[in-house]
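Observations on chain architecture
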Amino acid sequence: PAGDVVLSVQNLQAWYGESHILHGIDFEVRAGEVVTLLGRNGAGKTTTLKSIMGIIPKRSGSIRFEGKDISRASSDKIARQGVAICPEERGIFASLDVRENLMLPPQVRPGGLSLEQIFELFPNLKERLKSQGTKLSGGEQQMLAIARILRTGARFLMLDEPTEGLAPVIIQQIGHTIQRLKNEGFTILLVEQNFRFAATMADRYYIVEHGKIIDGFANSELSANMDKLHSYLGV
Ligand code: ATP
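Residues numbered from 1 in each chain as written. Predicted model: local features only at pLDDT ≥ 70, side-chain atom pairs only at ≥ 80, totals over all residues. Heavy atoms only, no water.

Of regular secondary structure, the chain possesses nine helices and ten strands. By the compact-globule yardstick of 18 Å for 235 residues, the chain fits well, its C-alpha radius of gyration being 17 Å. If one aligns the C-alpha atoms of the chain with their principal axes, the spans along those axes are about 45 × 40 × 35 Å. Of all 235 residues assigned to the chain, the portion counted as buried reaches 51%. Contacts in the chain between residues at least 24 apart in sequence constitute 68% of all its contacts with a sequence separation of at least 6. Per element, the accessible surface of the chain, about 10,900 Å² overall, is 50% carbon and sulfur. (Helix = DSSP H or I, 4+ residues; strand = E, 2+ residues; numbered from the N terminus. Rg over C-alpha atoms; globule rule 2.2 N^0.38 Å. Buried < 20%, exposed > 50% of the residue type's maximum accessible area, 1.4 Å probe, protein only. Contact = heavy atoms within 4.5 Å. Areas by Shrake-Rupley, 256 points an atom, 1.4 Å probe, with all protein chains shown as cover.)

What follows is the structure, encoded as structure tokens:
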């Protein structure tokens, strides 16, 4: 069962230079939930995650995390509150090996996973410990990207299209891992194009269109919303 509201976003607007991208995003996430943002390419999902993380310089509106206003905080400060993002491009350093990549981000809070705990979640990474970033498969890179943010001690994880470009069997593994993280009490905000994947774990969905949230529903209301969903996503 979901807990208190941990993230509350109200009237979030964001810009890239002169381009006004987010036009008033409103949604919330409760402790222990998996919430998925759905929407077509370019709708503003990635920009929403980046705005929450404080890496879009020009933004306005209210973003509250665990009751604190983070709408003007630096990304460092937001990270220290326990918020982390796993970006779509994964950000693995090609010339560093798996261990070095894992050790790179600072531990910002107590409770970060130890290497032992990480290898328990991602056994493949243990076997690849000495491999350079460039030698990893897409799936291994994605696992490393998730593992890396778990080391920091973050409890609120934003995952941007973790299944993109991966084979079905790897997607399934990543799905199991996210389920486990959910069971262990992490709160997850997911951006996904792969709706079937999202449906295996999401508690709730929000639809992003042209920089706004235009609809939202719980997983239990999914079948009643299927037609609408098809029209929103154009599938
Ligand atoms: P996608 O699945 O394609 O990533 P998305 O819903 O995550 O879709 P965003 O990446 O948030 O969409 O992009 C929203 C809009 O912002 C798009 O029109 C995109 O072209 C524009 N945009 C994204 N990044 C930049 C940037 N660095 N500079 C200028 N415009 C950008």
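Okay, back to it.
All right, on to the pattern of salt bridges then. Under the definition given, this model contains eight salt bridges. Of the charged contacts in the structure, one is a salt bridge between Glu-184 and Arg-180, with a shortest N-O distance of 3.7 Å. We classify Glu-184 as partly exposed; its relative accessible area is 42%. Of the charged contacts, one joins Asp-215 and Lys-228 as a salt bridge, the two residues approaching to 2.9 Å between their closest N and O atoms. Residue Asp-215 is found in strand E10 (residues 212-218), and its partner Lys-228 is found in helix H9 (residues 222-233); the two are separated by 13 residues along the sequence. For Asp-215, a relative accessible area of 16% translates into the label buried. Assessed through its relative accessible area of 37%, Lys-228 is described here as partly exposed. (Salt bridge = Lys/Arg side-chain N within 4 Å of Asp/Glu carboxyl O.)

Let's shift gears to the nonpolar core. Counting 46 residues, the largest nonpolar core has Phe-122, Leu-125, Leu-150, Leu-157, Leu-159 and Ile-188 as the members making the most contacts within it. Once residues lying within four places of it in the same chain are set aside, the contact partners of Ile-188 are Glu-33, Val-34, Val-35, Leu-157, Leu-159, Ile-178, Leu-181 and Lys-182. (Core = buried A, V, L, I, M, F, W, Y, C linked by side-chain atoms within 4.5 Å.)

A few words on the sheet that holds strand E7 (residues 156-160). With respect to topology, six strands assemble into an open sheet ordered E6-E7-E8-E3-E9-E10, the strand pairing being mixed. Pairing within the sheet leaves two strands with one partner each, and these edge strands are strand E6 (83-86) and E10. Strand-to-strand twist in this sheet, taken as the mean axis angle between neighbours without regard to direction, amounts to 20°. With six bridges joining them, strand E9 (residues 204-209) and E10 adopt antiparallel strand pairing. Looking across to E10, one finds that Ile-207 is bridged to Asp-215. With respect to the sheet, helix H6 (residues 138-151) is in contact with E6 and E7, its orientation differing from that of E6 by roughly 170°. Strands strand E3 (34-38), E9 and E10 of the sheet are contacted by H9, whose axis makes an angle of about 155° with E10. (Pairing = 2+ DSSP bridges. Axes fitted to C-alpha atoms, helices over the stretch in contact; angles between N-to-C directions.)

Turning next to the site of the ligand. Not every one of the 13 residues close to the ligand is listed here, only the nearest: Gly-42, Gly-44, Lys-45, Thr-46 and Thr-47. Between the ligand and Gly-44, the relevant distance is 2.8 Å, taken from an oxygen atom to a main-chain nitrogen or oxygen of the residue. In the model, an oxygen atom of the ligand is placed 2.5 Å from a nitrogen or oxygen of the Thr-47 side chain. If you tally residues by element for the shell around the ligand, the top one is helix H1 (residues 45-53), at three residues. (Near = heavy atom within 4 Å. Polar contact = N/O pair within 3.5 Å; in protein donor to acceptor, adjacent residues only side chain to side chain.)

This part takes up the environment of Leu-12. Within the element layout of this structure, Leu-12 appears in strand E1 (residues 5-16). With relative accessibility at 0%, the residue Leu-12 sits in the buried group. Along the primary structure Leu-12 and Ile-25 are separated by 13 residues, whereas in three dimensions their C-alpha atoms are 4.7 Å apart. Contact partners of Leu-12, with chain neighbours within four places excluded, come to Leu-22, His-23, Gly-24, Ile-25, Thr-48, Ser-51, Arg-59, Ser-60, Gly-61 and Ile-63.

This part covers the environment of His-210. Of note, His-210 is situated in the loop between E9 and E10. Look at His-210 and you get exposed, because its relative accessible area is 64%. Note: C-alpha distance between His-210 and Asn-101 (109 residues apart in sequence) is 35 Å. Among residues more than four places away in sequence, those in contact with His-210 are Ile-21, His-23 and Ala-43.

Right, let's talk about H6 for a bit. Note on helix geometry: an α-helix contains 3.6 residues per turn, so any two residues three or four positions apart are oriented the same way. Compared with an ideal rise of 1.5 Å per residue, which puts 14 residues at 20 Å, H6 spans 20 Å between its outermost C-alpha atoms and is within 8% of the ideal. Counting buried positions over the 14 residues of H6 gives twelve, a clear majority of the element. The secondary structure elements touched by the buried residues of H6 are E6, helix H3 (98-103), helix H4 (115-121), helix H5 (123-127), E7 and helix H7 (168-183). One or two residues past the end of H6 sits Gly-153, with phi positive at roughly 100°. (Expected span 1.5 Å × (residues − 1).)

Distances and angles like these do not, on their own, reveal function.
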